[in-house]
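Fold and contact review
Below, each chain spelled out in residue letters.
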Amino acid sequence: IEMADRANGNIIQLEDGWNNEIKKRAIDKLEQTLDNGFDTAFEPKEYIRIYTTCYDMCTQRSPYNWSRDLYQRHGETIEQYLQNTVLPALNDKSGQGGTILLNELKHRWTNHQIMNKWLKKFFTYLDRYYVKHHSLPTLEQAGLRHFKDVVYENVKEQATGAIISLINEERDGEIIEKSLVKSIVELYENMGLGGASLESYTNDLEQPLLDATRAYYARKREDWIAKDSTPDYLIKVEKALAEEKARVTEYLNPASEPKIRRVVEDEILQKVQMNLLEKEGSGCRVLLANDKSEDLQRMFHLFSRLDNGLQPMASIVESFITSMGNACVEKRQAKLDGGEKEKNDDPEFVKSLIDLHEKYLGVIRETFSGHHLFQKALKNSFEVVVNQDVGQYSNAELMSTFCDRVLKSGGEKLNDSEVEESLDRIVQLFSFLTDKDLFADIYRNQLAKRLLNQRSSSDDAEKLMIAKLKVQCGTQFTSKMEGMLNDLAVGNDQKSEFDARMEQHDTKLSFSVQVLTTGFWPTYKTPEVSLPANMTKCLEIFTEWHDAKHQKRKLSWVHSLGNATVKSIFGKKSYDLQVTTLQAVVLNTFNDGKTFDFNELKKILNLNDITLKPLMHSLSCGKYKVITKTPANNKINSTDSFTANAKFSSNMRKIRIPMASLDPSHNKNRVEEDRSWAIEAAIVRIMKARKTLKHQELIAEVLSQLSFFRPQPRDIKKRIEALIDRDYLERSAENSDMYNYLA
Amino acid sequence: GFLDREDFKDFYKFCFQFNRQGTHKTLEKDLVIALLPICLSGGRVPSERLQSFCEFLETTKDESYSKITLDQWRSFLDFCYEVEDLATYDESSSAWPVLIDEYVEFMEKKAKDGKKK
């Protein structure tokens, strides 16, 4: 009937509409159902009636347009309800412990959301026009605002306190009502201005929580650090961080995650970082010494969370590896001090360094995730260790000899992949060497020996090693080595051609020649020994054949390097003696039972003492005395006389008679000369480009350009002075600290 | 003296060049030891500096200093002008010839030995 009244166009008066319709049918009923705990309070029919009343009251023509009043009363209704019903209820519960208050707050907040929802539905028309037209808060926003001002602001401190207590209880291992906390957190999230901002949450809950978290973990830290070993402490840290992360996911706002994390990391890691690393009996060094990879890995992951958290750990690792390396060096020193004979070969020492490097390469890969700071630590420590020479032979030489063992036949017994692995590892060690040029010089000498004496176990292995060195140091570093291999390859190719030529002559000797390109190979002594006629003939045949092919080349014979097989008959037995060319020439001299003294031999053979003495020693004082020396002792004197040993005999048919090398293992002077030259070339190159440069900058540039050795500043200065003397540079007249390039 | 510093440098350089023999670019050390006091007479250079430097040249066993280059000769004068107090000398940043570095080292050792006595 009342609806029909309206349809007839009756104006609704404000108080009438408000009191009899809206308040009675909507608001009072709503408040009642809230108190009773129900939600679905309005059936569609009821709802439409109330809605329509509001609608009409807002669309009536002025002065009967009650929009403003309704908007106002909407707010007042909420406010009053909150003031008169809700707030007292909360205050009632406030002295009874956190959970009870929170539960009540949750209940009241839930109710408010319901109330807000229904009131918004009833007064929706206001939102569409009145609110927009006057730029007012929407009904929902207004409702929230009232809750905030009346309830939230009065209760927030206690609520925050209650939540923090619960969280601390949970941290201590108690079980708490997570869903309750989550609901209250949602309240805080909604109290931000405009509903979208997290300001209330951040200021009223998050900040106090961060402070409480800091205090909590500061206490825990003090407790743990006093009692726990580093690994145990770190396990607790890991656990705490995981728990805090889970907590945020379960009932806090995601924005808190990084903040809480940083507070916890700061309190339990950052503040005791050095303490943990250096703890006696369980710190980083101890863990390394005992290979505690799990603990170290945990430590690595935890410290990588901190700003610059890994450098202190990396420094300890560096210092530890250095001390391990130094121990290897000291062991070698002790061996030498103990009277062990000095040799250019110490495979035990080299292998110990290789093993150490391999071990920590693996540790860095697996325990430290290959992190660059730790790779640098390993590099730094090995650069110190590898360059510590002990005794007469440098580590450069020891390493080269190690390669020689791997590459020569009759050295280490290794299969192909073992060879590759060994070479790979020695090259890694080599990369730390400062005196790379010294290594190269010795390596080339040893390579030459292997190649010329056919003692190289595998051509492929030689090439492999050179390739690895090339990758490390560039083409220039290995060009001579490659040249050496190439000479041999060319020789092989042309062998059959020369063999055919030899067959055309009847020399009764089987003869082959290896041509070496000067510059690639080390320099050797070239004793101009007087050869027997048949050997000289062979040389002539070769020279003729060679010169026809290469008119521009000049041959220079190096008899000190050649090898020969001498078929000899002692008594009734014949033997094949494997000797050097020079030894063969000597043996030939003693045919037909001739006797000569030392000085006679010198003249006949055209050799000096330095060459002839070791030569005669090898044939008359060694294991196979094919020549008899008178007097019989172990030293060659110029008064000795020699003759073939008619009584010589041996069980073996093929006998190798070794001889001491006539050439040194490498030329120290040449390395020095090459260095002087390299420094000067670098200075000229730099000054040519820069025209004028300060002294210290020039020194720095030179050092950065020299990759194969590290000269002292004084050595560089001496080269600068030499270049000044030769008018490549001058000192600046204005500034005694500067140099000018002289074009 | 009657020449100012810069002009004197030229004269000093000339002293070296004048005394060279034939095509040689250097002077014998003994000649240098005799020549320096003559060229630098009259307080051009503190007499203590001059004396101690000659003493250093005489006592050094380094073969490479048996001949002195023009650069070394000229640097000595510049060094005397620029570095009055040897305590301020810093080899690590110095562009002075190694001869000068070794002279400073010689003086430092002398001072130490003097203290010991």
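Right, let's walk through the structure included here. (Residues numbered from 1 in each chain as written. Chains lettered and ligands numbered in written order. Predicted model: local features only at pLDDT ≥ 70, side-chain atom pairs only at ≥ 80, totals over all residues. Heavy atoms only, no water.)

**With respect to the interface of chain A and chain B**
Our working rule: Every residue pair with non-hydrogen atoms within 4.5 Å of one another is taken to be in contact. Buried area: the accessible surface (1.4 Å probe) lost by two parts on joining, summed over both. Salt bridges are defined by distance alone: a side-chain nitrogen of Lys or Arg within 4 Å of a carboxyl oxygen of Asp or Glu. The definition of a polar contact used here is a pair of N or O atoms within 3.5 Å, where within protein one atom must be able to donate a hydrogen and the other to accept one, and adjacent residues in sequence count solely through side-chain atom pairs. By the criteria applied, helices consist of DSSP H or I runs no shorter than four residues and strands consist of E runs no shorter than two, each listed in order from the N terminus.
Contacts between chain A and chain B engage 14 residues on the former and 17 residues on the latter. The junction of chain A with chain B conceals about 1,400 Å² of combined surface from both sides, 38% of it contributed by carbon and sulfur atoms. Considering only the side of chain A, the residues that lose the most area to chain B are R714, K717 and D725 of chain A, jointly responsible for 42% of the buried surface there. At the boundary of chain A with chain B, the tally comes to 5 salt bridges. Note that D71 of chain B and R731 of chain A form a salt bridge whose closest N and O atoms lie 2.7 Å from each other. The interface formed by chain A and chain B includes 11 residue pairs in polar contact (both at pLDDT 80 or more). Within the residue set of the side of chain A that touches chain B, elements represented by two or more residues are α29 (695-705) and α30 (713-725) of chain A. For the side of chain A that touches chain B, the leading source of residues is α30 of chain A, giving 6 residues.

**A short note on the packing of aromatic side chains**
Residue and element names in this part refer to chain A. Basically, it comes down to this: Any two rings among Phe, Tyr and Trp, with Trp reduced to its six-membered ring, count as a pair given centres within 6.5 Å; such a pair is stacked if its planes are under 30 degrees apart, edge-to-face if over 60, and tilted if neither. Note on exposure labels: buried denotes an accessible area under 20% of the residue type's maximum, exposed denotes more than 50%, and partly exposed covers the range between, all computed with a 1.4 Å probe on protein chains only. We call a charge positioned above a ring when the Lys NZ or Arg CZ atom is no farther than 6 Å from the ring centre and deviates by at most 35 degrees from the ring normal.
Applying the stated rule across the entire model yields 47 aromatic pairs over all chains. Relative to Y360, the ring of F320 has its centre 6.1 Å away and its plane inclined at 75 degrees; by these criteria the two rings are edge-to-face. A residue pair is termed long-range when its members are at least 10 positions apart, and F320 in helix α16 (residues 311-337) and Y360 in helix α17 (residues 347-366) qualify at 40 residues. Using a relative accessible area of 2% as the deciding quantity, one classes Y360 as buried. A centroid spacing of 5.4 Å and a plane angle of 35 degrees characterise the contact between F382 and F432, whose relative ring orientation is tilted. Pair noted here: F382 is in helix α18 (residues 372-385) and F432 is in the loop between α20 (416-430) and α21 (436-452), with a separation of 50 residues, a long-range link. With relative accessibility at 1%, the residue F382 sits in the buried group. On the accessibility criterion, F432 (9% relative accessible area) is buried. One aromatic cluster in this structure is built from F42, Y47, Y51, Y55, W118, F122, Y125 and Y129. Between the NZ or CZ atom of K121 and the centre of the ring of Y47, over which it lies, the distance is 5.9 Å. The ring of F349 carries R332 above its face, with NZ or CZ at 5.6 Å from the centroid.

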